[in-house]
Amino acid sequence: MSDDKTTLDVIERSVKDYKHNRAFTCLGKSLTYGEVDEASKRFAAWIQTQTNLKPGDRFAIQLPNILQYPVALFGAIRAGLVIVNVNPLYTPRELKHQLNDSGAKGILVLANVAHTLAEVVEETGIEHIVVTEVADLHPLLKRMAMNFALKYVLKEVPLFSFKKFTSFLDTLKTPSSSFQRVERSPEDIAVLQYTGGTTGVAKGAMLTHANLVANKDQLLERQSGLIKPGVDTYVAPLPLYHIYAFTLHAMSVFSNGNHNLLIPNPRDINAFVKALKTEKVYGFVGLNTLFNALLDNEEFKGLDFSALNITSSGGMALATDTGRRWKEVTGVTVMEGYGLTETSPVACANPPEAIQLGSVGLPVKDTELKVIDEEGQTLGTGEVGELCIRGPQVMKGYWQRPEATEKVLDAEGWFKTGDMATIAEDGYVRIVDRKKDMILVSGFNVYPNEVEDVLCEHPDIVEAGVIAVPDDKSGEAVKAYVVSSNPQLTTQAVREYCKENMAGYKVPKTVVFTDSLPKSAVGKILRRELKALEGAE
């Protein structure tokens, strides 16, 4: 393990040790560690000399996976700022809430979504706006051609207006020699990472430098022996503004001198596969819906997977059928892991040499787990209860929400996850489902993940989402929303299939066929939106 104490240490050590290695590649353009070092120093120098932002102030970054993200991220960290990761797909309401809740004073925004910021910026505390276009870090002619095409041909940059803003390229004109190093403590907040807001408004998890460095080291330790420092290429399709991709790619992979292939829009499967053709990919990180989309693409199936050695899955349960298909196509077994925004995020992961399918693996280094009942009593081996986590990666608490913090974080440092799980005798953990998503049918517990897994094994079902609905006889009943590849598939056929594969009380009472399911930015099926849809119906 490294001697890193803060994320600043991670940046400084990595750019020194791997100066000439490729750090990030996007849309055909690569930046070396040395180039990231220089550009991030310039951005930090701009913050220090051209703004009134001070160490500890919050700075928002609203970008997809493009080269500007790591440059701005590392620059803001070097200037001592606290990062607020913002989803570019946010609505004005969501954006306004996050900027005001975090107290962000500055923001870097992609021109394509700047019109959303323009709608609400006057109602926030934002004082400094930096705007960037997709190809700003590409060579001049390519930059001009790509940015022109996005703006005027594809019409992907709606008009926006600010009283004052700075272009990202102008910030990089600041001499790096004017940058002054800022000291930060391991216990200082490094990132305010907002939860998805599944229970009320989104809350900012206070992740310290120590939290992120610990989780970076935990990830590297779990994959030790597999990762070759300074050599391997990892594909980064999950957005870096999401904590899993952030810690893995911007911390662990970067700190190891490895190369990140950034994918700006993983929903564009054809462009994604085209990018994969240009690299010998060693590590692949995704989640169930993304794996399925790739496996349905004929060109992806024809790629050279000889270099692929690691495939990790997180964010949602991996369907058994998806894991089987991935192994058939790539030759690599998917390693499931588990974590939350509040745990920086990884708490468990399968050891590469001892993967158990259907399990999220063992706790990572220095991490303790237990499952508890409704009264808070610790349960025994194999019993289903709420999973609790204690370790150096557990957040400091929720930003300016002491009551919410108290509900999930006790005085001894145990974090209550809200997830139902079992811990086997060998220590392997199986996540059963979200506590709040559990369906109670005539006193029997039904876990949506299990029903969805069975549904997705049907040859005509592409994906499924399962929720609880009120029922006069059983209290609650199972309702399934299904995306099918066969227009002739009937509700009766689906129910008959389920009856053959699980107990009667788990079988969906209602099946609704739909063209698509609501998903988060990382492709996670949003059951809360299915519940809202059910309420509207």
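Each remark here, short or long, concerns the structure printed above.
Heads up: these notes are all about the structure in this document. (Residues numbered from 1 in each chain as written. Predicted model: local features only at pLDDT ≥ 70, side-chain atom pairs only at ≥ 80, totals over all residues. Heavy atoms only, no water.)

## A closer look at the overall build of the protein chain
Here is step 1: The helix and strand inventory of the protein chain stands at 17 helices and 25 strands.
Here is step 2: The C-alpha radius of gyration computed for the protein chain amounts to 23 Å, which stays within 12% of the reference 24 Å derived for 537 residues, consistent with globular compactness.
Here is step 3: With the C-alpha coordinates aligned to their principal axes, the bounding extent of the protein chain is approximately 70 × 55 × 50 Å.
Here is step 4: Per-residue burial for the protein chain yields a buried fraction of 56% across its 537 residues.
Here is step 5: Accessible surface computed for the protein chain: about 22,500 Å², of which carbon and sulfur atoms make up 51%.
Here is step 6: Placing the 57 positive and 67 negative side-chain charges of the protein chain at their respective mean positions leaves the two points 6 Å apart. (Helix = DSSP H or I, 4+ residues; strand = E, 2+ residues; numbered from the N terminus. Rg over C-alpha atoms; globule rule 2.2 N^0.38 Å. Buried < 20%, exposed > 50% of the residue type's maximum accessible area, 1.4 Å probe, protein only. Areas by Shrake-Rupley, 256 points an atom, 1.4 Å probe, with all protein chains shown as cover. Lys, Arg positive; Asp, Glu negative; His and termini not counted. Charge placed at Lys NZ, Arg CZ, Asp CG, Glu CD.)

## As for empty space enclosed by the protein
Here is step 1: Tallying each qualifying case throughout the model produces two cavities of 30 Å³ or more.
Here is step 2: Of the voids in this model, the largest cavity is the one considered here, and its volume is about 50 Å³.
Here is step 3: Taken together, Leu219, Leu220, Gln223, Ile227, Tyr234, Leu248, Ser252, Val253 and Asn258 make up the lining of the largest cavity.
Here is step 4: Broken down by secondary-structure element, the contributors of at least two residues to the lining of the largest cavity are helix 8 (209-222) and helix 9 (243-255).
Here is step 5: The residue inventory of the lining of the largest cavity, partitioned by class, reads six nonpolar, three polar and no charged.
Here is step 6: For the second largest cavity, the calculated volume is near 30 Å³. (1 Å grid on protein atoms, 1.4 Å probe; cavity = no way out; pocket = protein on both sides within 12 Å on 5 of 7 lines; lining within 4 Å. Points joined across faces, edges and corners; volume = space filled by probe spheres on them. Nonpolar A, V, L, I, M, F, W, Y, C, P; charged D, E, K, R; others polar.)

## Focus: the packing of helix 1 (residues 7-17) against helix 9
Here is step 1: Between helix 1 and helix 9, whose axes approach to 9 Å, the crossing angle comes to 45 degrees. Considering the angle they form, helix 1 stands oblique to helix 9. Crossing of helix 1 against helix 9: the hand is left-handed. Here Thr7, Val10, Ile11, Arg13, Ser14 and Val15 of helix 1 lie close against helix 9, whose contacting residues are Met251, Phe254 and Ser255.
Here is step 2: Its residues assigned to classes, the contact of helix 1 with helix 9 comprises five nonpolar, three polar and one charged. (Axes fitted to C-alpha atoms, helices over the stretch in contact; angles between N-to-C directions. Parallel < 35°, antiparallel > 145°, perpendicular 65-115°, else oblique. Left-handed = near helix turned anticlockwise from the far one by under 90°. Contact = heavy atoms within 4.5 Å.)

## What about the environment of Val84?
Here is step 1: Within the element layout of this structure, Val84 appears in strand 4 (residues 82-85).
Here is step 2: Counting along the chain gives 108 residues from Val84 to Leu192, while the straight-line C-alpha distance between them is 5.1 Å.
Here is step 3: Residues within four places of Val84 in sequence aside, it is in contact with Arg58, Phe59, Ala60, Ile61, Gln98, Ser102, Leu192 and Tyr194.

## Describing the sheet that holds strand 11 (residues 259-262)
Here is step 1: A sheet is described by the order of its strands in space; here nine strands give the open sequence 2-1-11-10-12-13-14-15-16, paired in mixed fashion. Lying at the two open borders of the sheet, with one neighbouring strand each, are strand 2 (29-32) and strand 16 (362-363).
Here is step 2: Sheet topology note: the strand 10 (residues 233-236)/strand 12 (residues 283-286) ladder contains two bridges and is parallel. Bridged to Val235 within strand 12 is Phe284.
Here is step 3: Helix 8 contacts strand 15 (346-349) and strand 16 of the sheet and is inclined by roughly 10 degrees relative to strand 15. (Pairing = 2+ DSSP bridges.)

## Comments concerning the side chain of Arg222
Here is step 1: Along the polypeptide, Arg222 turns up in helix 8.
Here is step 2: Despite its burial, Arg222 remains without a salt bridge, the nearest opposite charge being carried by Glu221 at 4.5 Å.
Here is step 3: Not counting the four nearest positions on each side in its chain, Arg222 is found in contact with Ala349, Asn350, Pro351, Pro352, Leu362, Pro363 and Val364. (Salt bridge = Lys/Arg side-chain N within 4 Å of Asp/Glu carboxyl O.)

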